[in-house]
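Listed below are the residues making up each chain.
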Amino acid sequence: MNLKRMTALFKRELTDILRDKKTLIMMLVVPIIIYPLLIVGITLLMSSIMSSQAEKTYLIAFENDTDLEKQIGDIIEDNEEKIGYKLEIVKEKNCQESLENGTIDAFVRVGENDKVLLCYLSAKDRSSTAVSALNDAFELYREELIKEKIEDAGLDAEVMLNPIHYEQEDYSTTEESIGNLIGSMMPFLIVTVILLGAIYPAIDVTAGEKERGTLETLLTLPITNFEMIMSKFLAVSCIACVSAILNVFSMGGAMAFLVSSSLSSAANMNIEIHYETFIPGIIFTIVVMMFFALLVTAVCMCTCVFAKNFKEANNYVTPVMLIFMFGSYAAMIPDLELTAQTAAIPIVNVALLVEGLFQFHYNYGLFAIVLFSNVAYSLLAIMILGKIYNSESVLFSEGLSSVKLFTRRSEMKEKQMPGFGDVVLLLCIVLLLIFYVGTFAQLKFGFFGVAVQQLIILLCPLVYAWYMKADKKHLFSIQIIKPLQLAGSVMIGIAAFVGALILGTLLMPVFPESAKGLTQLDDMVVNQPVYLLILVVAIMPAIGEELLFRGFVMGTLKKRCRPVVAIVVTTLIFAAYHMSLIKMFTIGIVGLGLTLVTYKTGSIAASMCVHFLNNLLSVLITKYPTQIQRELPVLFKDRLSVSDILLLVAVVLICAAVGWMLIGGKKNNKINFD
Amino acid sequence: MIIVDDLCKEFERTVMSKEDEAQTKRLAKSHKKGKLKQKKESFYAVNHVSFQVPQGEILGILGPNGAGKTTLLRMLGALMQPTCGSVAIEDENGNRITDPVQYKKSIGYLSGNTKLYHRMSTREMLYMLAQIYEIDQQTADERIENIAKVLDMHSFMDNRIEKLSTGQTQRASIARCLIHEPDIYIFDEPTLGLDILSADAIVNFMKSQKEAGKTVLYSTHYLEEAQFLCDRVIMIYQGKIVKEGSPEAIMEECGVGNLRDAFHHVMEEVETL
């Protein structure tokens, strides 16, 4: 990838999109002018209609000459404030006819057994308003009659009517109530505005480009496919993001204006809203929106690229839009909450997260999962986009049917090495399988579900390597290891473990859980027999995770980039894969140790052994805490003194140095970095 | 020099299967309705084509519609991946360039399908291209100034391309191919649908480039133009080269006085085979 070319392409795409009237209208005119105008305008209109309705006089008639007319007349006169509308009693000969003509708005008919009917026309708004006001008047009259009757019986009307006094008291702060309201509406709003911001540019850079005939021009330029896709993707995501943020701020501003103006008009209600309490929520929401915009953009582009022109793309993208909007309704489902499971469902996770943010629920672990999963889904979509953009039949508009997204196995070359794309694809597949199959298995089978998860991690890289006919020995660094090298690996493993321990302790003030995260296992596994624990927690991850990370990922990277890059990237992916912000740093250090071991020895067997020992220690600590505490008290300390830390740092340095020497120098390094 | 070695491109097309043909006849006789199965069949749009074009030569590619001219030129421009075979450029030092990015830097490709970005001005487009071709700012300034002078584009350099006339757009298109000063030009029916003045401008442009030692490969249906312009022509039919040589040699071989008659002669010959 050439950064200069990418920048030039990105600028071109951005200029092109920004000079398109449709996008400009969607991005600027709608949020800056239309929304505030609509929201403020409609509210002002509604309130003026309401007040004009209140000022109108509604005409009422009584069909039969009864005493009722005078009584109700008095009530209306005395309680005009309570009823809220002006009612006037008029005389009419034929009440029903007058009602139908519109000369009166409602009338009262007294039927058999003094049954009173309030007659009106539900099809006419005026009549409906009049009858509800009349109803209020009758309600007041009824209360008055009850009071009179009770007093006639010689009782205290107050006590009889209200034998118990109760009121509601709301302990939620005003901010919480407002947050709850905003939280349920916000996700839908966000999804809609991001879609609106993304769709037109996405169509423009894909189908629009084909329609204008500039795609072939683009293909004549000296750029790689990846640069072309990424520049388009980034430009559209940028636009989607900016327009979404503009939209949200303009709507939020209009809403805030309305709320504060209505509050200031009701001056006797002394409510003060601390808008600043929403700032963290808003900031997190903007971060989530950025990540979500990536996903929306990638999906929209994937859909639109199949279309030959703007119109066709519009048709293709409509179902996608509906699916996204449907997903955002999740926030309105009462009992659905953001959990480790729902955090992996696309769209729904964003909806639930945003809802939670405005209700002041900040769960950083889940926040990380939502972001990670959004990135994973976007990467998957970009990968597919890359495949589609490679397909000449799509580019040169020869139809949809002959798209070969993936090469058939029979057409694969023997002994090939995977590329970056394969790594991304494999990681996404594993991630999705763990989320859906693994989580399901864990819910259904409990502890054995954990084994299923480990099996997924173990099988995916193997199956992928088999399918693409990879050079397995090379890819997975399968090599026999000498005893001395193994000893050295274990030393490096110890250094990494102790290093992680120190870091965990140092991070305690920031993440109180971080130190325990290194050795503590889930509650679910504690009660299992020890041999099962060793199998599922120590042996299976040692094989599976090593095959995936130190095998497939590192094996690919070391072929295609410098050793430092391969080691750092593998470690970062390994740390990120554990889906926990808290454990990320400590696991990262252990991961670095494992990666270095594989790099130095050139054999995955070494890191498998070290990984096994590391996890075995967790099992032992969980099963035999007292014995371990006696032998290794340092693992159980909540806080380490400075002298302890210095001692441990010395241990790290010595172990690392000894291990490094035992494994040996360059001549023993069997990995071929060519 | 551009070297084309055993180039093939395989496509799929939908055809009726043999059983279906029989089925269709039976159905036609019995006046019944039935479902017909179609199947995909692959065919070679370009079928094992090899040739070389040295620097300073204009090569014309002739052939009827659907012969595979555009597909061949797309592969020569590295817009399409060949199914088999290879295309390479050999520079003065004898090094072969096959890496698509490097390869495209030596090629100026122009066809009816390479439209320009309507929402940019010619000047903006040329600057953008200069960045993509990694030409430094000063050189880019000089080249753009020079191109504007040569193609007489000063009057509309800063107008958006959507506002330009057909002739002006065509000149802007040529400017697009010139900015990186390629060694090889690939033009797919460049004069198609142009008025006489614009077409002549393009013909003159190709001639001037040949004189400057550049290679030009171009496809056309205008045989008089090809006869006048080309050092060598290849005629292709159903993806295969059926005739290759200088226009004069081909005319002599066919015993006719112009390239048009020679073309008819060759096509009749291959169709009877």
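Residues numbered from 1 in each chain as written. Chains lettered and ligands numbered in written order. Predicted model: local features only at pLDDT ≥ 70, side-chain atom pairs only at ≥ 80, totals over all residues.

**Some remarks on the overall build of chain B**
Looking only at helices and strands, one finds ten helices and ten strands in chain B. Taking all 273 residues of chain B together, the buried fraction comes to 37%. When contacts within chain B are restricted to residue pairs at least 6 apart in sequence, those whose partners lie at least 24 apart make up 72%. (Helix = DSSP H or I, 4+ residues; strand = E, 2+ residues; numbered from the N terminus. Buried ≥ 20, exposed ≤ 12 C-beta atoms within 10 Å, placed from the backbone. Contact = placed C-beta atoms within 7 Å.)

**Observations concerning the overall build of chain A**
Helix and strand counts for chain A stand at 27 helices and four strands. Put simply, chain A has 674 residues, and 38% of those count as buried. Pairs at least 24 residues apart make up 77% of the contacts formed inside chain A by residues separated by at least 6 positions.

**Thoughts on the sheet that holds strand β10 (residues 240-245) of chain B**
Residue and element names in this part refer to chain B. Taken in spatial order, the six strands of this open sheet run β6-β7-β8-β3-β9-β10, and their pairing is mixed. Pairing within the sheet leaves two strands with one partner each, and these edge strands are β6 (107-111) and β10. Taking each pair of neighbouring strands and ignoring which way they run, the sheet shows an average axis angle of 15°. As judged from the five bridges shared by β6 and strand β7 (residues 184-188), these two strands associate in the parallel manner. Paired with L110 across the bridge in β7 is F187. Contacting β3 (58-62), β7, β8 (215-219) and β9 (232-237), helix α2 (residues 69-76) runs over the sheet at an angle of about 155° to β7. (Pairing = 2+ DSSP bridges. Axes fitted to C-alpha atoms, helices over the stretch in contact; angles between N-to-C directions.)

**Here's the deal with the interface of chain B and chain A**
The interface of chain B with chain A comprises 22 residues on the first partner and 22 residues on the second. Elements with a minimum of two residues in the side of chain B that touches chain A: α3 (100-105), β6 and α4 (122-132) of chain B. Grouping the constituent residues of the side of chain B that touches chain A by class yields ten nonpolar, six polar and six charged. (Nonpolar A, V, L, I, M, F, W, Y, C, P; charged D, E, K, R; others polar.)

**Description of unusual backbone geometry**
All names here are of chain B. One non-glycine residue, E181, lies in positive phi territory at about 45°. Mapping E181 onto the fold places it in the loop between α6 (166-178) and β7. On the neighbour-count criterion, E181 (16 C-beta atoms within 10 Å) is partly exposed. One non-glycine residue, E189, lies in the positive phi region at around 45°. If you trace the backbone, E189 turns up in the loop between β7 and α7 (196-211). Classification of E189 as partly exposed rests on a count of 18 C-beta atoms within 10 Å.

**Overview of helix α12 (residues 310-328) of chain A**
All names here are of chain A. Between its first and last C-alpha atoms α12 spans 26 Å; for 19 residues at 1.5 Å apiece the expected length is 27 Å, and the two agree. In the structure, α12 departs most strongly from a straight axis at V317, where the bend amounts to approximately 30° and where the proline P319 lies between one and four residues downstream. Residues of α12 that are buried: A313, V317, M321, F324 and S328. Summarising the contacts, the buried residues of α12 are in contact with α8 (174-212), α11 (279-304) and α13 (348-358). (Expected span 1.5 Å × (residues − 1). Bend = angle between axes of the 7 residues up to and from the residue.)

**Some thoughts on the confidence of the model for chain A**
Residues and elements named next belong to chain A. Confidence in the prediction of chain A, expressed as mean pLDDT, is 83, and 91% of residues score 70 or more. Ranking the elements of chain A by mean pLDDT puts helix α20 (residues 514-517) last, at 53, and helix α6 (residues 125-152) first, at 91. Scored below 50 in pLDDT, residues 398-405 shows twelve contacts in the model against residues more than four places distant or in partner chains. This model gives residues 666-674 a pLDDT under 50, and the stretch forms eleven contacts once residues within four places in sequence are excluded. (pLDDT = per-residue confidence, 0-100.)

**Looking at the pairing of β10(B)**
Residue and element names in this part refer to chain B. When β9 meets β10, the two strands line up antiparallel, connected through five bridges. Pairing of I234 across the sheet is with E244, part of β10. Where β9 hands over to β10, the hairpin turn is made up of two residues, of which Q238 adopts a positive phi near 50°.

**Some remarks on the sheet that holds strand β4 (residues 116-119) of chain A**
Residue and element names in this part refer to chain A. Read across the open sheet, the four strands follow the order β2-β1-β3-β4; overall the sheet is mixed. Each edge of the sheet is formed by a strand with only one pairing partner; in this case those strands are β2 (86-90) and β4. Within this sheet the neighbouring strands show an average axis-to-axis angle of 25°, counted without direction. Bridge count for strand β1 (residues 57-62) against β2 is five bridges, and the pairing is parallel. Bridge pairing links T57 to K86 in β2. Along the sheet, helix α3 (residues 67-78) contacts β1, β2 and β3 (106-110); its crossing angle with β2, the most-contacted strand, is approximately 155°. Helix-sheet contacts for α6 involve β1, β2, β3 and β4, and the interaxial angle to β1 is about 65°.

**Concerning the nonpolar core**
Counting residues in each nonpolar core, the largest one holds 209 residues, and the members touching the most others are A:I194 and A:V296. Judged by nonpolar contacts, the second largest core, of 20 residues, contains A:L59, A:F107, A:V108 and A:A130. (Core = buried A, V, L, I, M, F, W, Y, C linked by C-beta atoms within 7 Å.)

**A few points about helix α1 (residues 3-18) of chain A**
Residue and element names in this part refer to chain A. If you check α1, its first and last C-alpha atoms are 22 Å apart, about what 16 residues at 1.5 Å a residue would give, namely 22 Å. Regarding α1, the residues found buried are R5, A8, L9, R12, E13, D16 and I17. On an axial view of α1, the arc spanned by its buried residues comes to 165°, and they lie on one face. Residues of α1 that are exposed and angled more than 90 degrees away from the buried face: L3 and K4. (Arc of directions from axis to C-beta.)

**Focus: the confidence of the model for chain B**
Residue and element names in this part refer to chain B. For chain B, mean pLDDT is 87; residues scoring 70 or higher make up 91% of the total. Between the elements of chain B, mean pLDDT differs from a low of 67, seen in helix α1 (residues 18-30), to a high of 93, seen in β3. As a predicted assembly, this complex carries a pTM of 0.67 together with an ipTM value of 0.87.

**Quick look at the packing of α11(A) against α12(A)**
What describes two packed helices is the angle between their axes and the distance between those same axes. Residues and elements named next belong to chain A. At a minimum axis distance of 9 Å, the contact between α11 and α12 shows a crossing angle of 145°. Seen from above, α11 lies across α12 with right-handed handedness. Contacts between α11 and α12 involve V296, V299, C300, T303 and C304 on the former and, on the latter, A313, Y316, V317, V320 and F324. Partitioned by chemical class, the residues of the contact of α11 with α12 number nine nonpolar, one polar and no charged. (Left-handed = near helix turned anticlockwise from the far one by under 90°.)

**A short note on the packing of α3(A) against α6(A)**
Residues and elements named next belong to chain A. Contact pair α3 / α6: the axes reach a minimum separation of 9 Å and the direction vectors enclose 105°. Judged by the angle between their axes, α3 and α6 are roughly perpendicular. Of the residues in α6, those touching α3 at Q71, I72, I75 and I76 are A137, L140 and Y141. A breakdown of the residues in the contact of α3 with α6 according to their chemical character gives six nonpolar, one polar and no charged. (Parallel < 35°, antiparallel > 145°, perpendicular 65-115°, else oblique.)

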